[in-house]
Amino acid sequence: MNFISTRNTAPASNLSDAIAAGLAPDGGLYVPEKLPVGRNLEAGEDLAATTTALLAPFFESDALAPDLAAICREAFDFPVPLKPLATPGDHVLELFHGPTAAFKDIGARFLAACLARIRRGAAQPLTILVATSGDTGAAVAAAFHGQPGLRVVVLYPDGRVSPRQAHQLGCFGGNVIALRVAGSFDDCQALVKRALNDAQLQAQVPLSSANSISLGRLLPQMSYYAHAALAHRGATGRELNFVIPTGNLGNAMAAILARAQGVPVGRIVLATNANAVLPEYFAGADYAPRASVATLANAMDVGAPSNFERLRWLYAGDDAALRAAFTAIAVDDATIRATIKARWERHGEVFCPHTATAVHVLESLRAEGVDGDWAVAATAHPAKFESVVEPLVGHAVAVPPALADLLARPAHAEPLPPDYAALQARLLA
Ligand SMILES: *Cc1c(COP(=O)(O)O)cnc(C)c1O
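This structure is a prediction, so every number in the text was calculated from the model and none was measured.

1. Some words on the UniProt feature "domain: Tryptophan synthase beta chain-like PALP" (unreviewed entry) in the chain
In this numbering, the UniProt entry assigns the feature "domain: Tryptophan synthase beta chain-like PALP" (unreviewed entry) to residues 94-373. Within residues 94-373, the helical portion is 48% and the strand portion 15%, while the C-alpha atoms at the span's ends are 16 Å from each other.

Next comes the structure, spelled out in structure tokens:
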């Protein structure tokens with residue numbers, strides 16, 4: 001299959017090249033030239049098997065096609081369980097059993113498995129350059145650590161990520177370099193953007209990114225929705241509906257693409273934090289991207305959701321059809337807090353602040369009388385956001401074993417001034 005740009009002014013690309021490039025050369029996002037629709041899929045014996053079948057048409061005729069099953073086995077080596085909640089018909093799809101305890105592990109591990117194969121035999125290593133405010137950088141560092149032919153350089157704002165997050169970024173060593181920048185996240189992002197647009201630098205140091213617009217992250221995120229929905233239909237005969245915590249719209253876009261191919265997903269409802277660009281759009285306002293505001297669900301602090309361009313492409317720019325297809329609801333910090341506290345007190349359930357936005361949205365849908373079987377996508381383990389969660393539930397939340405392993409290693413980050421010449425020099429060193 002070939003991939004085209006949402007902006008339609010770049011040449012079609014094969015899958016390997018689209019994954020290696022990240023962004024299309026016209027600044028658009030890569031999308032399949034023709035989405036395979038009306039597919040008659042069955043749940044495989046496990047997530048890797050379901051994913052291999054689901055992704056086969058996207059890999060067809062690409063150099064990676066013979067490796068698809070091996071890539072899926074390598075990337076999906078942890079469970080993604082669908083568990084019932086205390087309230088009947090409600091479930092949680094736990095996406096946080098990977099090495100850094102957030103759903104981004106899944107896309108990052110798949111991307112790393114693809115890139116390691118794409119770059120096999122290349123003369124020079126490929127440097128994955130990432131600016132992070134926490135979760136993305138850790139998932140990318142964990143996924144690329146030890147991959148031959150690849151190295152990761154992560155920039156994060158010194159003192160502005162949680163101590164646990166900083167530790168996760170600095171604990172890998174080897175082919176992962178953590179740079180603590182004396183500046184803000186925006187400074188980090190500006191440095192990374194400049195390097196990714198610097199042809200002279202890239203002639204010496206080949207660079208790529210691993211952000212949420214990457215096709216190599218988007219495609220595998222369809223897998224867990226497909227596997228859970230197909231298994232649920234197999235067991236109950238019923239469709240599963242989803243509420244998805246949303247920032248850049250990468251996770252939700254994957255669910256939407258899976259449904260468009262015939263995966264038995266019912267409604268898809270988006271939950272955002274106080275950054276309400278999407279809820280306002282779906283309620284009828286013009287799409288109005290803007291600067292983000294800080295919230296408790298900080299991995300969703302996005303004012304310009306990058307995958308919105310893919311959603312508009314899927315609906316061929318028909319805003320009325322798009323608005324009719326989805327609901328998006330914004331949840332403020334006070335409600336996030338109240339939800340975490342109440343679910344613990346009433347049901348003994350503990351959620352991270354991101355997952356809590358979706359839990360609240362599901363509660364409001366039920367209060368309106370919405371029926372059927374629903375699942376909330378749980379995007380991070382609550383122990384990752386202990387400073388928010390623990391005071392609300394009144395006890396320490398046990399750290400999952402994979403994350404505990406990372407936190408037990410020594411960590412080291414190099415200081416970097418917020419200065420492009422300094423970054424250049426470090427990349428060339
Ligand atoms: C990144 C992230 C999100 C938002 O996902 P998008 O794909 O950007 O919509 C939600 N929750 C957590 C924990 C995340 O790390």
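Read on for the rest.
2. Details of the sheet that holds strand β2 (residues 13-14)
What the 3 strands build is an open sheet, ordered β2-β1-β3; its pairing is antiparallel. A strand with exactly one partner marks an edge of an open sheet, and here the two such strands are β2 and β3 (30-32).

3. Re helix α3 (residues 68-75)
Buried within α3 are the following residues: Leu68, Ile71, Cys72 and Ala75. Viewed end-on, α3 has its buried residues packed into an arc of 100 degrees, placing them on one side of the element. Against α2 (47-59) and α4 (104-118) lie the buried residues of α3.

4. Notes on the side chain of arginine 109
Considering the arrangement of structural elements, one finds arginine 109 in helix α4. Residue arginine 109 is classed as buried on the basis of its relative accessible area, which comes to 17%. Side chain to side chain, arginine 109 and aspartate 77 meet in a polar contact 3.2 Å long. For arginine 109, the residues in contact, after removing those within four places along its chain, are Glu74, Ala75, Asp77, Phe78, Pro99 and Ala143.

5. Overview of the pattern of salt bridges
All chains considered together, the criterion is met by 17 salt bridges. In this structure, aspartate 77 and arginine 109 form a salt bridge, with 3.2 Å as the shortest nitrogen-oxygen distance. In this pair, aspartate 77 is assigned in the loop between α3 and β4 (82-84) and arginine 109 in helix α4, connecting sequence segments 32 residues apart. With its nearest N and O atoms 3.2 Å apart, the salt bridge here joins aspartate 319 to arginine 312. Look at arginine 312 and you get partly exposed, because its relative accessible area is 28%. One connected set of salt bridges, linked through shared partners, spans Asp67, Glu74 and Arg117.

6. A closer look at the UniProt feature "domain: Threonine synthase N-terminal" (unreviewed entry) in the chain
Feature annotation in UniProt assigns "domain: Threonine synthase N-terminal" (unreviewed entry) to the following positions: residues 3-76. Helix makes up 38% of residues 3-76 and strand 11%, whereas the separation of the span's terminal C-alpha atoms amounts to 24 Å.

7. Regarding empty space enclosed by the protein
According to the stated counting rule, one finds 1 cavity of 30 Å³ or more in the structure shown. The computed volume of the largest cavity comes to approximately 40 Å³. As for the largest cavity, its lining consists of Thr246, Gly247, Thr272, Asn273, Asn275, Val277, Leu278, Met300, Val302 and Pro305. Grouping the constituent residues of the lining of the largest cavity by class yields 5 nonpolar, 5 polar and no charged.

8. As for unusual backbone geometry
The phi dihedral of alanine 101 falls on the positive side, at around 65 degrees, and the residue is not glycine. Considering the arrangement of structural elements, one finds alanine 101 in the loop between β5 (90-94) and α4.

9. Notes on the site of the ligand
The full set close to the ligand counts 14 residues, and Lys104, Asp135, Gly247, Asn248 and Thr379 are the nearest of them. Within the side chain of aspartate 135, one N or O atom sits 2.8 Å away from an oxygen atom of the ligand. Here the ligand, which alone exposes 380 Å², has 98% of that area covered by the protein. Of the residues belonging to the shell around the ligand, the class tally is 5 nonpolar, 7 polar and 2 charged.

10. What about the nonpolar core?
Formed by 94 residues in total, the largest nonpolar core has its most connected members in Phe59, Phe110 and Phe144. With 10 residues, helix α9 (residues 215-236) is the largest single contributor of residues to this core. Core analysis: the second largest hydrophobic core is formed by 29 residues, Val243, Ala271, Leu365 and Trp374 among them.

11. Comments concerning the pairing of strand β6 (residues 126-131)
The element β6 is largely enclosed, with a buried count of 6 among its 6 residues. In β6, alternate side chains face the same way, and those of Leu126, Ile128 and Val130 on one face and Thr127, Leu129 and Ala131 on the other are all buried. Two elements, β6 and strand β7 (residues 150-157), share 6 bridges in a ladder whose sense is parallel. The partner of isoleucine 128 across the bridge, within β7, is valine 152. Handedness of the β-α-β unit built from β6, helix α5 (residues 135-144) and β7 comes out right-handed.

Quick notes on the rules
- Residues numbered from 1 in each chain as written.
- Predicted model: local features only at pLDDT ≥ 70, side-chain atom pairs only at ≥ 80, totals over all residues.
- Heavy atoms only, no water.
- UniProt positions renumbered as here; feature names shortened; annotations may be inferred.
- Helix = DSSP H or I, 4+ residues; strand = E, 2+ residues; numbered from the N terminus.
- Pairing = 2+ DSSP bridges.
- Buried < 20%, exposed > 50% of the residue type's maximum accessible area, 1.4 Å probe, protein only.
- Arc of directions from axis to C-beta.
- Contact = heavy atoms within 4.5 Å.
- Polar contact = N/O pair within 3.5 Å; in protein donor to acceptor, adjacent residues only side chain to side chain.
- Salt bridge = Lys/Arg side-chain N within 4 Å of Asp/Glu carboxyl O.
- 1 Å grid on protein atoms, 1.4 Å probe; cavity = no way out; pocket = protein on both sides within 12 Å on 5 of 7 lines; lining within 4 Å.
- Points joined across faces, edges and corners; volume = space filled by probe spheres on them.
- Nonpolar A, V, L, I, M, F, W, Y, C, P; charged D, E, K, R; others polar.
- Near = heavy atom within 4 Å.
- Areas by Shrake-Rupley, 256 points an atom, 1.4 Å probe, with all protein chains shown as cover.
- Core = buried A, V, L, I, M, F, W, Y, C linked by side-chain atoms within 4.5 Å.
- Right-handed = clockwise from strand over helix to strand, strands pointing away.

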